[in-house]
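Topology and contacts: notes
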Amino acid sequence: MRSETASLRIREWLLVLLDYTFMIALLEVANKCYYFQGCDASVLIDSTSPSNQAEKDAPANNPSLRGFEVIDNAKARLEAICKGVVSCADILAFAARDSVEISGGIGYDVPAGRRDGKISLASDTFTNLPPPSFNVDQLTQLFANKGFTQEEMVTLSGAHTIGRSHCTPFSNRLYNFSGTTSQDPSLDPVYASQLKQQCPQGSTNPNLVVPMDLSSLGTIDAGYYTNILANRGLFTSDQTLLTNAATAIQVNQNAMNTELWRSKFASTMLKMGQLDVLTGNA
């Protein structure tokens, strides 16, 4: 089976889902996989025991990441047609591209031929994935370590336009921000009040989630940047983009020109999908 045929089959299966939450999930899985180990699908590997946990069960990914069953299903279908030809890494790359396009973004060509990784360690996520508490300098350096510019970092941050989050990653901004104030002063008070209703203090309910961009659920647009300008960035790592002159300019530019951001996002996603790619035989 040619890679073009596999790509079309995956797109057809995603269109059958017609569920924006799966589009969100697949894009989140792909971004975590790309950024952590390159596009090798290692995030799909299951843990073998509580003492030998894989990436998917790391605190940064569990319980936030989901949608693994969509990739598993696509892999099973393709294996039935052409066994051992299309890797999980290629399936994930195709699915991420299609999720972007189906959700209103710009499509882009995805080269095939990736090989799946065989190593997945939860402990490695602690130093490779940007936490929601990072400031703009920390984000800039972490992305630079992977070969991305500061502007590309701001562009990729816009993926939060269709994401969702559990309460823990931002609850400190609501209830325990610092020794002098419980609530982050950079957070819009009305928005903070809404978040407190959705995420009550002390709640241990693991099923509570909030959209990262309430203004446009399931749509790839520049609403993320508009939210930041209104002090409605969900994470510290979102709102921090206004604390640096250069990144603040980029936030304003993206907010004013959705099509420009969509174009930059497609280009940067293509670059990310080529990060540390495994090829050939293991």
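Rules used throughout
- Residues numbered from 1 in each chain as written.
- Predicted model: local features only at pLDDT ≥ 70, side-chain atom pairs only at ≥ 80, totals over all residues.
- Heavy atoms only, no water.
- Axes fitted to C-alpha atoms, helices over the stretch in contact; angles between N-to-C directions.
- Helix = DSSP H or I, 4+ residues; strand = E, 2+ residues; numbered from the N terminus.
- Parallel < 35°, antiparallel > 145°, perpendicular 65-115°, else oblique.
- Contact = heavy atoms within 4.5 Å.
- Nonpolar A, V, L, I, M, F, W, Y, C, P; charged D, E, K, R; others polar.
- Phe/Tyr/Trp six-rings, centres within 6.5 Å; stacked < 30°, edge-to-face > 60°.
- Buried < 20%, exposed > 50% of the residue type's maximum accessible area, 1.4 Å probe, protein only.
- 1 Å grid on protein atoms, 1.4 Å probe; cavity = no way out; pocket = protein on both sides within 12 Å on 5 of 7 lines; lining within 4 Å.
- Points joined across faces, edges and corners; volume = space filled by probe spheres on them.
- Expected span 1.5 Å × (residues − 1).
- Arc of directions from axis to C-beta.

Brief notes about the packing of helix α7 (residues 150-157) against helix α13 (residues 258-272)
Contact pair α7 / α13: the axes reach a minimum separation of 9 Å and the direction vectors enclose 105°. In this view, α7 runs roughly perpendicular relative to α13, as classed from their interaxial angle. Residue-level inspection shows Glu151, Glu152, Thr155 and Leu156 of α7 in contact with α13, the latter providing Trp261, Lys264, Phe265, Thr268, Met269, Lys271 and Met272. Residues of the contact of α7 with α13, tallied by class, amount to 5 nonpolar, 2 polar and 4 charged.

Here's the deal with the packing of aromatic side chains
Scanning all chains against the criterion turns up 5 aromatic pairs. Centre to centre, the rings of phenylalanine 170 and phenylalanine 235 are 6.5 Å apart; their planes meet at 45°, and the pair counts as tilted. Here phenylalanine 170 is found in the loop between β1 (164-166) and α8 (172-175), whereas its partner phenylalanine 235 is found in the loop between α10 (223-229) and α11 (236-239), with 65 residues between them in sequence. The exposure class of phenylalanine 170 is buried, given its relative accessible area of 1%. For phenylalanine 235, a relative accessible area of 6% gives the class buried. Relative to tyrosine 225, the ring of tyrosine 224 has its centre 4.9 Å away and its plane inclined at 80°; by these criteria the two rings are edge-to-face. Comparing tyrosine 224 with tyrosine 225, the two get one shared label, buried.

Here's the deal with empty space enclosed by the protein
This structure, assessed with the given rule, holds 2 cavities of 30 Å³ or more. By volume, the largest cavity is sized at about 50 Å³. In terms of lining residues, the largest cavity is bounded by Tyr191, Gln194, Leu195, Gln198, Val210, Pro211 and Leu214. When residues of the lining of the largest cavity are traced back to their parent elements, those giving at least two are α9 (189-198) and β2 (209-211). Among the residues making up the lining of the largest cavity, the classes are represented as 5 nonpolar, 2 polar and no charged. If you add up the space inside the second largest cavity, you get close to 40 Å³. Lining the second largest cavity are 10 residues, with Tyr108, Val110, Arg114, Leu270 and Gly273 positioned closest to its centre. The class makeup of the residues in the lining of the second largest cavity is 7 nonpolar, 2 polar and 1 charged.

A look at the packing of helix α6 (residues 136-144) against α7
For any two helices packed against each other, the geometry is given by the interaxial angle and the distance between the axes. Contact geometry of α6 with α7 gives a least axis separation of 9 Å together with a crossing angle of 105°. With respect to α7, the axis of α6 lies roughly perpendicular. For the pair α6 and α7, contact is made by Val136, Leu139, Thr140 and Phe143 and by Gln150, Met153 and Leu156, respectively. Split into classes, the residues belonging to the contact of α6 with α7 amount to 5 nonpolar, 2 polar and no charged.

Some details on helix α3 (residues 68-81)
Given a rise of 1.5 Å per residue, 14 residues ought to cover 20 Å, and the 20 Å separating the end C-alpha atoms of α3 matches this to within 8%. Turning to α3, its buried residues number three or more, namely Phe68, Val70, Ile71, Ala74, Lys75 and Leu78. All buried residues of α3 project into a common sector of 160° when viewed along the axis, lining one side.

Things to note about α7
The buried fraction of α7 amounts to 6 of the 8 residues, a majority that puts the element mostly inside the structure. For α7, the elements touching its buried residues are α6, α10, α12 (245-256) and α13.

Let's talk about the side chain of serine 165
Along the chain, serine 165 falls in strand β1. Here serine 165 falls in the buried class, since its relative accessible area comes to 4%. Apart from residues lying up to four places away in sequence, serine 165 is in contact with Phe170, Leu208, Val209, Val210, Met212, Leu234 and Phe235.

Topic: the environment of threonine 219
Relative to the elements of secondary structure, threonine 219 occurs in the loop between β2 and α10. Residue threonine 219 is classed as partly exposed on the basis of its relative accessible area of 30%. Residues threonine 219 and glycine 104, spaced 115 residues apart in sequence, show a C-alpha to C-alpha distance of 5.8 Å. Residue contacts for threonine 219: discarding those within four places in its chain leaves Ser103, Thr161, Ile162 and Arg262.

Notes on unusual backbone geometry
Residues apart from glycine generally show negative phi values, whereas peptide bonds are mostly found in trans. Its identity as a non-glycine residue notwithstanding, asparagine 231 has a phi of 60°, on the positive side. One can find asparagine 231 in the loop between α10 and α11. Look at asparagine 231 and you get partly exposed, because its relative accessible area is 32%.

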